[in-house]
Amino acid sequence: MRIKTVDVEWLGHASFLIKGKENVYIDPFVLRSGAPKADVILVTHDHYDHCDAQKIESLRKEGTVIISTPSVARKIRGVETIALGETKTAAGVRVKAVPAYNPSKKFHPKNTGFGFVFEVDGTKFYHAGDTDFIPEMSALEKERIDVALLPIGGTYTMDAREAAAAAALIKPRYVIPMHYGTIPNTEADATEFKKLVDAKDLSIEVRLLG
Ligand code: MN
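As a starting point, this report considers the structure included with it. Here the structure is a predicted model, which is why all the values come from computation and not from measurement.

## Thoughts on the sheet that holds strand β13 (residues 174–178)
Here 7 strands make up an open sheet; going across it, the order is β8-β9-β10-β11-β12-β13-β14 and the pairing mixed. Edge strands, defined here as strands with exactly one partner in the open sheet, are β8 (87–90) and β14 (205–206). Bridge count between strand β9 (residues 93–99) and strand β10 (residues 114–120): 6 bridges; the pairing is antiparallel. Bridge assignment links Lys-96 to a residue of β10, and that residue is Val-117. Contacts from helix α3 (residues 160–170) reach β11 (123–127) and β12 (147–151) within the one sheet, and its direction differs from that of β12 by about 155°.

Right, dumping it as structure tokens:
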């Protein structure tokens, strides 16, 4: 989908390419062949389906900035670490690390992974990372998010119903479901997610990409 000057491509799973003046990738685990090189790569946490060393290497060029957690920095060379709540500017892209975790499951303990709020050519994105519906999401409404990228696959993250509740709290202009149907235990119906969000009647537009 295109918003003003920015192209948003869902590559599959939690992988996105945001093409503005710069090419920004998030969690490049699924890539198409001939993918353009990255100016910025954001990696939410160190799990294999988000932090893929080979894919990251294939996108790297001179000057690529990779922003992630300390644990990812131990696995991948040249990663600039970011702390929870911190904001950094990389290649003209402003990035803030926000909470992403499972309150009562073992998969994603607090502060081992992040979500990212980031701005590309004036369009503001929220990539939730692997997270449940957590109270800290209520702080995101004031960020005035244009596009929220939310997991709906369940098990490791929110399911469709929880993600619809999160969308209602965050109130982005657009929401794109992700993190379903690629790895085991993340089966979800994106059309069901769309129905749940539409039923809330909040002028949030659900876009099903891919
Ligand atoms: Mn995952």
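## So, the pattern of salt bridges
Across all of its chains, the model carries 17 salt bridges by this definition. Between Lys-55 and Asp-52 there is a salt bridge whose closest N-O contact spans 3.4 Å. Judged by relative accessible area, which is 27%, Lys-55 ranks as partly exposed. One network of salt bridges, with partners in common, ties together Glu-57, Arg-60 and Arg-77.

## Considering empty space enclosed by the protein
Under the criterion given, the structure shown has 1 cavity of 30 Å³ or more. Approximately 30 Å³ is the volume found for the largest cavity. Residue lining of the largest cavity: Thr-44, His-45, Ala-100, His-108, Gly-113, Phe-114, Gly-129 and Asp-130, and that is the complete set. Its residues assigned to classes, the lining of the largest cavity shows 2 nonpolar, 5 polar and 1 charged.

## Remarks on the sheet that holds strand β5 (residues 40–42)
Neighbouring strands of a sheet are bound in pairs by backbone hydrogen bonds; such pairs are parallel or else antiparallel. As summarised here, the arrangement of the 7 strands in space is β1-β2-β3-β4-β5-β6-β7, forming an open sheet in which the pairing is mixed. Since the sheet does not close on itself, it has two edges, and those belong to β1 (2–3) and β7 (79–81), each with one partner. Note that β5 and strand β6 (residues 65–68) share 3 bridges and pair parallel. Paired with Val-40 across the two strands is Val-65, which belongs to β6.

## So, the packing of aromatic side chains
Enumeration over the complete set of coordinates arrives at 5 aromatic pairs. With 6.4 Å between their ring centres and 70° between their planes, Phe-114 and Phe-116 make a pair best called edge-to-face. Given a relative accessible area of 3%, Phe-114 falls into the buried group. By relative accessible area, Phe-116 is classed as buried at 0%. A centroid spacing of 5.3 Å and a plane angle of 10° characterise the contact between Phe-118 and Phe-125, whose relative ring orientation is stacked. Both residues of the pair, Phe-118 and Phe-125, belong to the buried class.

## So, the nonpolar core
By size, the foremost hydrophobic cluster in this structure holds 57 residues, and its most contacted members are Ile-18, Phe-118, Tyr-126 and Leu-150. For this core, the leading source of residues is α3, giving 6 residues. Those residues in contact with Phe-118 that sit more than four places away from it in its chain are Ile-18, Val-24, Ile-26, Leu-42, Val-93, Arg-94, Val-95, Thr-123, Lys-124, Phe-125 and His-127. Grouped together as the second largest cluster of nonpolar side chains are 13 residues, Leu-11, Leu-17, Ile-56 and Val-72 included.

## Quick notes on the pairing of β10
In regular strands, side chains alternate between the two faces of the sheet. Counted residue by residue, β10 has 6 buried out of 7 residues, so it is predominantly covered. Relative to β11, β10 runs antiparallel, the two sharing 5 bridges. From the neighbouring strand, Val-120 faces β11, where its bridge partner is Thr-123.

## With respect to the side chain of Ser-15
Within the secondary structure, Ser-15 sits in strand β3 (residues 15–19). Within the local environment of Ser-15, its side chain forms a polar contact with the backbone nitrogen of Val-30, the two atoms lying 3.0 Å apart. If we ignore the near neighbours within four places in the chain, the residues touching Ser-15 are Glu-9, Trp-10, Ile-26, Asp-27, Pro-28, Phe-29 and Val-30.

## Some words on the environment of Gly-115
As for its placement among the helices and strands, Gly-115 is situated in strand β10. Residue class for Gly-115 comes out buried when judged on its relative accessible area of 0%. Taking C-alpha positions, Gly-115 is 17 Å from Trp-10, a pair spaced 105 residues apart along the chain. Beyond its immediate sequence surroundings of up to four residues, Gly-115 is in contact with Lys-96, Ala-97, Val-98, Pro-99, Ala-100, His-127, Ala-128 and Gly-129.

About the cut-offs
Residues numbered from 1 in each chain as written. Predicted model: local features only at pLDDT ≥ 70, side-chain atom pairs only at ≥ 80, totals over all residues. Heavy atoms only, no water. Pairing = 2+ DSSP bridges. Helix = DSSP H or I, 4+ residues; strand = E, 2+ residues; numbered from the N terminus. Contact = heavy atoms within 4.5 Å. Axes fitted to C-alpha atoms, helices over the stretch in contact; angles between N-to-C directions. Salt bridge = Lys/Arg side-chain N within 4 Å of Asp/Glu carboxyl O. Buried < 20%, exposed > 50% of the residue type's maximum accessible area, 1.4 Å probe, protein only. 1 Å grid on protein atoms, 1.4 Å probe; cavity = no way out; pocket = protein on both sides within 12 Å on 5 of 7 lines; lining within 4 Å. Points joined across faces, edges and corners; volume = space filled by probe spheres on them. Nonpolar A, V, L, I, M, F, W, Y, C, P; charged D, E, K, R; others polar. Phe/Tyr/Trp six-rings, centres within 6.5 Å; stacked < 30°, edge-to-face > 60°. Core = buried A, V, L, I, M, F, W, Y, C linked by side-chain atoms within 4.5 Å. Polar contact = N/O pair within 3.5 Å; in protein donor to acceptor, adjacent residues only side chain to side chain.

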